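# Observations on the three-dimensional arrangement
Okay, here's what each chain looks like letter by letter:
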Amino acid sequence: MNILENNVKVKVSKKRLGRGIGSGKGKTSGRGIKGQKSRSGVAIKSFEGGQMPLYRRLPKRGFNPINKNKIATINLNQLQSFIDNKKINSENQINLEVLHKSKIVNKSFSKFKILASGNLKTKINIEANFSSISAKEKIEKIGGILKIKESK
């Protein structure tokens, strides 16, 4: 047996607003007088009476990973220009620490990748975290060595 069957009035009729003074909800229909809230179609979403709203109190996170590894990308033509300008010594091994010391790559970058744009004329020994296939081919074609670090 359903519990609701023995109830006399299950459905409560809705309050009919604006149907005269005797209804108790006549004239302004319980909305007060004037102002934004008395108008139709207006909702003040997430307004907390002047208190700093919850969505502004909490820190922004969204789609930005908190511990994201920033990866610096360096093209072969950029490497060649650094060697030509004597910012990098081509005889030594080129790695992220060397790029940090010569202030080519910012300290915030924890990894770097070599891309194949441009040409390389100098034979180099380089250690990177990532490399494009064509960049690896170009470095090895000249006689250089490209070592890819194992990522943890």
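Structure: above.
These figures come from a predicted structure and were not determined experimentally.

## As for the overall build of the protein chain
Each helix and strand in the protein chain was counted, giving 4 helices and 6 strands. Its C-alpha radius of gyration of 35 Å places the protein chain more than 25% over the 15 Å reference for a compact globule of 152 residues. Its C-alpha atoms give the protein chain principal-axis dimensions of roughly 95 × 50 × 25 Å. Out of the 152 residues belonging to the protein chain, those deemed buried represent 22%. Residue pairs in contact within the protein chain that sit at least 24 positions apart in sequence constitute 40% of those at least 6 positions apart. A total of about 12400 Å² of accessible surface is found on the protein chain, and carbon and sulfur atoms cover 52% of it.

## Looking at the sheet that holds strand β1 (residues 71–75)
Across the sheet, which stays open at both edges, the 3 strands sit in the order β1-β3-β5 with parallel pairing between neighbours. Strands with a single pairing partner mark the edges of an open sheet, and in this sheet they are β1 and β5 (130–131). Pairing between β1 and strand β3 (residues 111–115): 5 bridges, direction parallel. Looking at the pairing, alanine 72 lines up with phenylalanine 112 of β3.

## Topic: a nonpolar patch on the surface
Taken together, the side chains of Val42, Ile44 and Phe47 define a hydrophobic patch exposed on the protein surface, amounting to about 260 Å² of accessible area. Here valine 42 shows up in the segment before α1 (54–57). Under the relative-accessibility criterion, valine 42 is labelled partly exposed at 35%.

## Things to note about the side chain of glutamate 127
Here glutamate 127 shows up in strand β4 (residues 125–128). Judged by relative accessible area, glutamate 127 falls into the buried class, the value being 12%. Non-local contacts of glutamate 127, meaning those with residues more than four positions away in its chain, are made with Gln93, Ile94, Asn95, Leu96, Phe112, Lys147 and Lys149.

## Description of the sheet that holds β4
Taken in spatial order, the 3 strands make up an open sheet running β2-β4-β6, and their pairing is parallel. The sheet is open, and its two borders are formed by β2 (93–94) and β6 (145–148), each paired with just one other strand. Bridge analysis of β2 against β4 gives 2 bridges, and the strand direction is parallel. Each bridged residue has a counterpart across the sheet, and for glutamine 93 the counterpart in β4 is asparagine 125.

## Thoughts on the packing of aromatic side chains
Per the stated rule, a full pass over the model turns up 0 aromatic pairs. Over the ring of phenylalanine 109 we find lysine 70, and its NZ or CZ is 4.8 Å from the ring centre.

## A closer look at the nonpolar core
Leu79, Phe112, Ile114 and Ile126 are the most contacted members of the largest nonpolar core, which totals 21 residues. Where this core is concerned, the elements lending two or more residues are β1, α2 (76–84), α3 (96–101), β3, β4 and α4 (133–142). Ranked by residue count, the leading element in this core is α2, at 4 residues. The contacts of isoleucine 126, once residues within four sequence positions are left out, are Leu79, Ile94, Phe112, Ile114, Ile139, Ile145, Leu146 and Lys147.

So, how was this worked out
- Residues numbered from 1 in each chain as written.
- Predicted model: local features only at pLDDT ≥ 70, side-chain atom pairs only at ≥ 80, totals over all residues.
- Heavy atoms only, no water.
- Helix = DSSP H or I, 4+ residues; strand = E, 2+ residues; numbered from the N terminus.
- Rg over C-alpha atoms; globule rule 2.2 N^0.38 Å.
- Buried < 20%, exposed > 50% of the residue type's maximum accessible area, 1.4 Å probe, protein only.
- Contact = heavy atoms within 4.5 Å.
- Areas by Shrake-Rupley, 256 points an atom, 1.4 Å probe, with all protein chains shown as cover.
- Pairing = 2+ DSSP bridges.
- Patch = residues over 30% accessible without salt bridge, like charges linked within 9 Å, V, L, I, M, F, W, Y side chains within 5 Å.
- Salt bridge = Lys/Arg side-chain N within 4 Å of Asp/Glu carboxyl O.
- Phe/Tyr/Trp six-rings, centres within 6.5 Å; stacked < 30°, edge-to-face > 60°.
- Lys NZ or Arg CZ within 6 Å of the ring centre and 35° of its normal.
- Core = buried A, V, L, I, M, F, W, Y, C linked by side-chain atoms within 4.5 Å.

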